[in-house]
Amino acid sequence: MDIKVVDENRSPVEIEVSLSAEEAGVLARGAWIRMARVLKTDDAHVREKVAAMFTRREKAQALAGIVMANAAQQAFDTLGVAFLLTPQFTLPDEWDEQEAVTFTTRAFPVPDMNLDLETPIERADGEAAEQAARRALRQRLHGAMPAALLEAATKERREAFRSELAAAGQTYREYRIENGVKPAEVEARLESEAREKLEEDIALDLMFLRKNLEATDADEFEALSSLKPGSEQELKREFLETGHACLLRQEARRRAAVRWTVENLVA
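This is a predicted model, so every value here is computed, not measured.

Right, let's talk about the overall build of the protein for a bit. Across its full length, the protein holds 10 helices and four strands. For the protein, the sequential pattern of α-helices and β-strands runs β-β-α-α-α-β-β-α-α-α-α-α-α-α. Projecting the C-alpha coordinates of the protein onto the three principal axes gives extents of approximately 60 × 50 × 35 Å. Burial status across the protein gives 42% buried among its 267 residues. Within the protein, contacts between residues at least 6 apart in sequence are counted, and of these 72% link residues at least 24 apart. Element-wise, carbon and sulfur atoms account for 48% of the exposed surface of the protein, whose accessible area totals about 14800 Å². For the protein, the separation between the mean place of its 37 positive charges and that of its 50 negative charges on side chains is 3 Å.

Let us now look at the sheet that holds strand β1 (residues 2–7). Across the sheet, four strands lie side by side as β1-β2-β4-β3; this open sheet has antiparallel pairing. The open sheet has two free edges, formed respectively by β1 and β3 (83–88), since each of these has just one partner strand. Taking the axes of each pair of neighbouring strands and ignoring which way they run, one obtains an average angle of 25 degrees across the sheet. In this sheet, strand β2 (residues 13–19) lies alongside β1 in antiparallel orientation, the contact comprising five bridges. Residue pairing across strands places Asp2 opposite Ser18, the latter belonging to β2. This element, helix α1 (residues 21–38), spans β2 and β4 (101–109) of the sheet and lies at about 100 degrees to β2. Seen against the sheet, helix α3 (residues 56–79) touches β1, β2, β3 and β4 and runs at an angle of roughly 115 degrees to β2.

Calculation notes
Residues numbered from 1 in each chain as written. Predicted model: local features only at pLDDT ≥ 70, side-chain atom pairs only at ≥ 80, totals over all residues. Heavy atoms only, no water. Helix = DSSP H or I, 4+ residues; strand = E, 2+ residues; numbered from the N terminus. Buried < 20%, exposed > 50% of the residue type's maximum accessible area, 1.4 Å probe, protein only. Contact = heavy atoms within 4.5 Å. Areas by Shrake-Rupley, 256 points an atom, 1.4 Å probe, with all protein chains shown as cover. Lys, Arg positive; Asp, Glu negative; His and termini not counted. Charge placed at Lys NZ, Arg CZ, Asp CG, Glu CD. Pairing = 2+ DSSP bridges. Axes fitted to C-alpha atoms, helices over the stretch in contact; angles between N-to-C directions.

So, in structure tokens, the structure goes:
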């Protein structure tokens, strides 16, 4: 893999990733294995099934999405960039898994903001130690958050909200009517939620990085359990197969930061 930093002095950091035909092929094989499992078929028949079910463009983007996601996070890991959210890139309409590939990807590094890491934290009445740690660190975070980072986080929250509505069998319009809210009010709430989550994530990431902490297997398991209790290994496989292991590592490092804060700062 060849990595070229396009611009390291901006947020998001932009890099160019080049994979040889062999490297791209290895990642593509992993994508085919995942599609075989998802489509409930075997390696011998998955390509035939995909050809029957997917358009040419859908197939290209399904393969490219997994290959590029894995390559992007490996590239940022190689550069030692601790980032938020997931690396961004544009999916192609055509994909030849036998050829070398070069693409541009962007990721938001953890911003260098001010955070009090030493003052003891007092719990409010009835407040759990972990809640106190998360609340206090979020409140102690000061400095400018990159506008592009908030915009990207709000976009992710918006997409997650739409997925939540779809899972509940409700349209966006039905939701607004039921709750008596205007589109601008929904958008303001989603941005507020995204900002609050970002503030907490940045504070925990800064604690982790500045205290030189290490995430343990227990931190990873707790992160998985909080997302899908009882199906931790299944969820871990999902993260790894889809190229989103970076999200699991982010949650594990934040668990480690919370653990350290509870043990050392929460009264």
